[in-house]
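Structural features, examined
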Protein chains: 2
Amino acid sequence: MSTTETAQLVDGSGLAARTVEETAARAAEIARRTGTSPCLATALVGEDPASVTYVRMKRARCAKAGIRSRHIALPATTTTAELVGVLKGLSDDPGVHGILLQHPCGPHIDERAAFEAIAPEKDVDGVTMHSFTAMSFSSPGFVSCTPGGIMRLLEAYDVELAGKHAVVVGRSAILGKPAGMLLLAKDATVTYCHSRTVDLPAFVREADVVVAAVGRPRLIRGEDIKPGAVVIDAGYNPGNVGDVDFTTARTRARLITPVPGGVGPMTIAVLLAQTVEAAARQLGVEHS
Amino acid sequence: MSTTETAQLVDGSGLAARTVEETAARAAEIARRTGTSPCLATALVGEDPASVTYVRMKRARCAKAGIRSRHIALPATTTTAELVGVLKGLSDDPGVHGILLQHPCGPHIDERAAFEAIAPEKDVDGVTMHSFTAMSFSSPGFVSCTPGGIMRLLEAYDVELAGKHAVVVGRSAILGKPAGMLLLAKDATVTYCHSRTVDLPAFVREADVVVAAVGRPRLIRGEDIKPGAVVIDAGYNPGNVGDVDFTTARTRARLITPVPGGVGPMTIAVLLAQTVEAAARQLGVEHS
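All values reported here derive from a predicted model rather than from experimental measurement.

Now for the overall build of chain A. Along its length, chain A carries ten helices and nine strands. Taking 2.2 N^0.38 as the reference for a compact globule, 288 residues should give roughly 19 Å; the C-alpha atoms of chain A span a radius of gyration of 19 Å, in line with that estimate. Principal-axis analysis of the C-alpha atoms gives chain A an extent of 55 × 45 × 35 Å. Within chain A, the proportion of its 288 residues that are buried is 53%. Pairs at least 24 apart in sequence give 70% of the contacts found in chain A among residues at least 6 apart. Accessible surface computed for chain A: about 11,900 Å², of which carbon and sulfur atoms make up 53%. Averaging the locations of the 29 positively and 30 negatively charged side chains of chain A gives two centres separated by 2 Å.

Here it is in structure tokens:
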């Protein structure tokens, strides 16, 4: 492959827009048939500016898609027990179809305990043990939103995964680990690399599919991308920089996600889609 | 490395015996301090001869270690709902500290539903979503017994895992997948290979640690073992044959598990150890 060739760009913004459009149509159908719009409850502990912005953005997207949202703003002093109580209340509330706990919640909160207070059928952000196990064993349940968005992108671009070597760089609970499990479920041979991996470039050079999910700017060098590989950059670092050195990588990959406009927009799209799916199931509306 | 050198053999039988000895001492201490011996409930649906033998063997080992067992033999016609009822009853029974559902349960049983009826604190066989997530995220909980046994063997032989490349061949819910997660938690770079992997030998050749967990006799050829690698054979096939071609592999590995006497004995040892640990926690007995 000549270095003057460049990879096809994955249009994450476009797929996200189509996903949201379909989701909005389904939300409207649910409202028409049941008199109830899907409802996402968002909970936030404290007032971290980035978290406040994320929640506001998610709620604005909900509104545009015909999804109601209900925000629970909790003081920074909220205890784990209080947060668990709030989330259990939302889990029991038939007027709420999906629950999003914005995280990180702060060091004084036992996040795992909080997540587990979310009923599996309302876990539209895919953070519970139930959802992780569902992703790992292909059993019924929701997916973590960013890994779910990655899988939708790969499917939209007809990327064959069976028998391919997928290298996931990163092993976080909501991104790297579930992404690897979803790729494994599609019959890829999956390698998890991380901060303790010795000679990361050697692994990247063997990858048919690279998923970068670590949050370190340009950690993955373009010259290590195998010619013809598919590169999914889920990293997002200050200055619109991903985990992959895009400029060089695009001269070697056959398909690559830009940052921004690649994986990023899919995360919220999956959140909205799963909220509407949760509402449809809870309200007994079949997919028409 | 000359081919006349041979690997050190992992003495799984010896470590298992020591583990059971420690477990028996702890069971005796619990009985002395509380008046109650640890109790494992075993449940079996139907009368599959192999399953009957496995349960009998496990109960006999319990008895030798001072662990009581209570067996629930259910007819082959038992429904999922009935099995769930039995397991919930055992979960609620303060006289039972650990629960083992012998599986496979037969095609008419929803095994996942049955497993989830086991309370996490009594899941000494490590089959629930809670236990899988605990293994995946290093959170509190029990481990699946065979992967747990593998990790104890690696620790007993001071096998350094951080930064090493561990190749797990197999991706079953109770063996391959959790083994990979436990290795990842120890900072290994982990690759999952399986039946759809293209060129398995190429992956094996790169492995510092090979975990064979697939149940295909001598699938892994000795000549593909990297000189100096650690080889863990969790396969068990008719005729005492593992998943690794032992004769050749031992000329290249530095440490290798024999079949039998390697991984196998550790599985029951971990089951017993976790049963006693569960009893200690439920009865409020601190480790002395």
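What follows covers the domain arrangement of chain A. The domains assigned to chain A are domain 1 (35-122) and domain 2 (145-265). For domain 1 of chain A and domain 2 of chain A, the distance between their C-alpha centres works out to 29 Å.

Attention now moves to the interface of chain B and chain A. With 27 residues of chain B at the contact, the number on the chain A side is 27 residues. Between chain B and chain A, the buried area comes to about 2,600 Å², and carbon and sulfur atoms account for 67% of it. Taken as a group, B:Met129, B:Phe137 and B:Leu184 account for 21% of the area that chain B buries against chain A, more than any other trio of residues on that side. The tally of links between chain B and chain A comes to four salt bridges. Taking the shortest distance from any N to any O, the salt bridge between B:Arg171 and A:Asp187 comes out at 2.8 Å. At the surface where chain B touches chain A, the tally comes to 15 residue pairs in polar contact (both at pLDDT 80 or more). Elements represented by at least two residues in the side of chain B that touches chain A include exactly helix 5 (129-137), helix 7 (176-185) and strand 6 (189-193) of chain B. Residue contributions to the side of chain B that touches chain A peak at six residues, all from helix 5 of chain B. Looking at side-chain class alone, the side of chain B that touches chain A contains 13 nonpolar, nine polar and five charged residues. Across three bridges, strand 6 (residues 189-193) of chain A lies against strand 6 of chain B in antiparallel orientation. Bridge pairing in strand 6 of chain B places A:Tyr192 opposite B:Val190.

The next point concerns the relation of the copies chain B and chain A. Superposing chain B onto chain A takes a rotation of 180 degrees combined with a translation of 0.0 Å along the rotation axis, leaving an RMSD of 0.0 Å. Such values leave the two copies arranged in the relation of a two-fold axis. Measuring from the rotation axis to each C-alpha of chain B, the shortest distance belongs to B:Thr191, at 2.0 Å. Both copies present the same face, since 100% of the interface residues in chain B are matched by interface residues at the equivalent positions in chain A.

What follows is about the UniProt feature "domain: Tetrahydrofolate dehydrogenase/cyclohydrolase NAD(P)-binding" (unreviewed entry) in chain A. Residues given the UniProt feature "domain: Tetrahydrofolate dehydrogenase/cyclohydrolase NAD(P)-binding" (unreviewed entry) here are residues 144-282 of chain A. For residues 144-282 of chain A, the helix share is 37%, the strand share is 14%, and the end-to-end C-alpha distance is 20 Å.

Attention shifts here to helix 5 (residues 129-137) of chain A. Think of an α-helix as 3.6 residues a turn; residues three or four steps apart then line up on the same face. Most of helix 5 of chain A is tucked away, with eight of its nine residues classed as buried. The set of residues buried in helix 5 of chain A consists of A:Met129, A:Ser131, A:Phe132, A:Thr133, A:Ala134, A:Met135, A:Ser136 and A:Phe137. Close packing links the buried residues of helix 5 of chain A with helix 4 (111-116) and helix 7 (176-185) of chain A together with helix 4 (111-116), helix 5 and helix 7 of chain B. Positive phi appears at A:Ser138, one or two residues downstream of helix 5 of chain A, with a value of about 55 degrees.

Before going further, it helps to spend a moment on the packing of helix 6 (residues 145-156) of chain A against helix 7 of chain A. If you want to describe how two helices pack, look at the angle between their axes and the distance between the axes. Residues and elements named next belong to chain A. Close contact between helix 6 and helix 7 brings their axes to 9 Å; oriented N to C, the two are set at 35 degrees. Handedness of the helix 6/helix 7 crossing: right-handed. Contacts from Pro-147, Gly-148, Met-151 and Leu-154 in helix 6 reach Pro-178, Ala-179, Leu-182 and Leu-183 in helix 7. Grouping the amino acids of the contact of helix 6 with helix 7 by side-chain chemistry returns seven nonpolar, one polar and no charged.

Now for the side chain of B:Ser131. Residue placement: B:Ser131 occurs in helix 5. For B:Ser131, the residues in contact, after removing those within four places along its chain, are B:Asp123, B:Gly126 and B:Phe142.

Our focus in this paragraph is the sheet that holds strand 4 (residues 98-101) of chain B. All names here are of chain B. Taken in spatial order, the three strands make up an open sheet running 3-2-4, and their pairing is parallel. Of all strands in the sheet, those with a lone pairing partner are strand 3 (68-74) and strand 4, marking the two edges. The average angle at which neighbouring strand axes cross in this sheet is 20 degrees, direction not considered. Alignment of strand 2 (residues 39-45) against strand 4, held across four bridges, turns out to be parallel.

Bringing the nonpolar core into the picture now. By size, the foremost hydrophobic cluster in this structure holds 64 residues, and its most contacted members are A:Leu154, A:Leu183, B:Leu154 and B:Leu183. If sequence neighbours within four positions are ignored, B:Leu154 has contacts with B:Val159, B:Leu161, B:Leu183, B:Val230 and B:Ile232.

When we look at a pair of aromatic rings, we describe it by the centre distance and by the angle of the planes. Within the structure shown, the criterion is met by four aromatic pairs over all chains. Aromatic side chains A:Phe137 and B:Phe132 sit 4.7 Å apart centroid to centroid with 50 degrees between the ring planes, which places their arrangement in the tilted category. One end of the pair, A:Phe137, is in helix 5; the other, B:Phe132, is in helix 5, on a second chain. Since its relative accessible area comes to 2%, B:Phe132 is described here as buried. One aromatic cluster is present, formed by A:Phe132, A:Phe137, B:Phe132 and B:Phe137 through successive ring pairs.

Tallied over the full model, the rule gives zero disulfides over all chains. With no disulfide partner, A:Cys105 has as its closest neighbouring cysteine sulfur the one in A:Cys145, 15 Å distant. Cysteine B:Cys62 is unpaired, with the sulfur of B:Cys39 as its nearest cysteine sulfur at 8.6 Å.

All names here are of chain A. Closest axis-to-axis distance for the helix 1 (residues 12-34)/helix 10 (residues 264-283) pair is 9 Å, and the angle between their directions is 20 degrees. By the angle class used here, helix 1 and helix 10 are roughly parallel. Considering only the axes of helix 1 and helix 10, their crossing is left-handed. Along its contact with helix 1, which presents Gly-12, Ser-13, Leu-15, Ala-16, Thr-19, Val-20, Thr-23, Arg-26, Ala-27, Ile-30 and Thr-34, the element helix 10 presents Pro-265, Met-266, Ala-269, Leu-272, Ala-273, Val-276, Glu-277, Ala-279, Ala-280 and Leu-283.

Following the criterion strictly, the structure yields 22 salt bridges over all chains and no others. Each of A:Arg205, A:Arg221, A:Glu223 and A:Asp224 takes part in salt bridges that share partners, so that together they form one network.

About the cut-offs
- Residues numbered from 1 in each chain as written.
- Chains lettered and ligands numbered in written order.
- Predicted model: local features only at pLDDT ≥ 70, side-chain atom pairs only at ≥ 80, totals over all residues.
- Heavy atoms only, no water.
- Helix = DSSP H or I, 4+ residues; strand = E, 2+ residues; numbered from the N terminus.
- Rg over C-alpha atoms; globule rule 2.2 N^0.38 Å.
- Buried < 20%, exposed > 50% of the residue type's maximum accessible area, 1.4 Å probe, protein only.
- Contact = heavy atoms within 4.5 Å.
- Areas by Shrake-Rupley, 256 points an atom, 1.4 Å probe, with all protein chains shown as cover.
- Lys, Arg positive; Asp, Glu negative; His and termini not counted.
- Charge placed at Lys NZ, Arg CZ, Asp CG, Glu CD.
- Domains from an automatic or database assignment.
- Buried area = accessible area lost by both parts, 1.4 Å probe.
- Salt bridge = Lys/Arg side-chain N within 4 Å of Asp/Glu carboxyl O.
- Polar contact = N/O pair within 3.5 Å; in protein donor to acceptor, adjacent residues only side chain to side chain.
- Nonpolar A, V, L, I, M, F, W, Y, C, P; charged D, E, K, R; others polar.
- Pairing = 2+ DSSP bridges.
- Least-squares fit on C-alpha atoms with pLDDT ≥ 70 in both.
- UniProt positions renumbered as here; feature names shortened; annotations may be inferred.
- Axes fitted to C-alpha atoms, helices over the stretch in contact; angles between N-to-C directions.
- Left-handed = near helix turned anticlockwise from the far one by under 90°.
- Core = buried A, V, L, I, M, F, W, Y, C linked by side-chain atoms within 4.5 Å.
- Phe/Tyr/Trp six-rings, centres within 6.5 Å; stacked < 30°, edge-to-face > 60°.
- Disulfide = S-S within 2.5 Å.
- Parallel < 35°, antiparallel > 145°, perpendicular 65-115°, else oblique.

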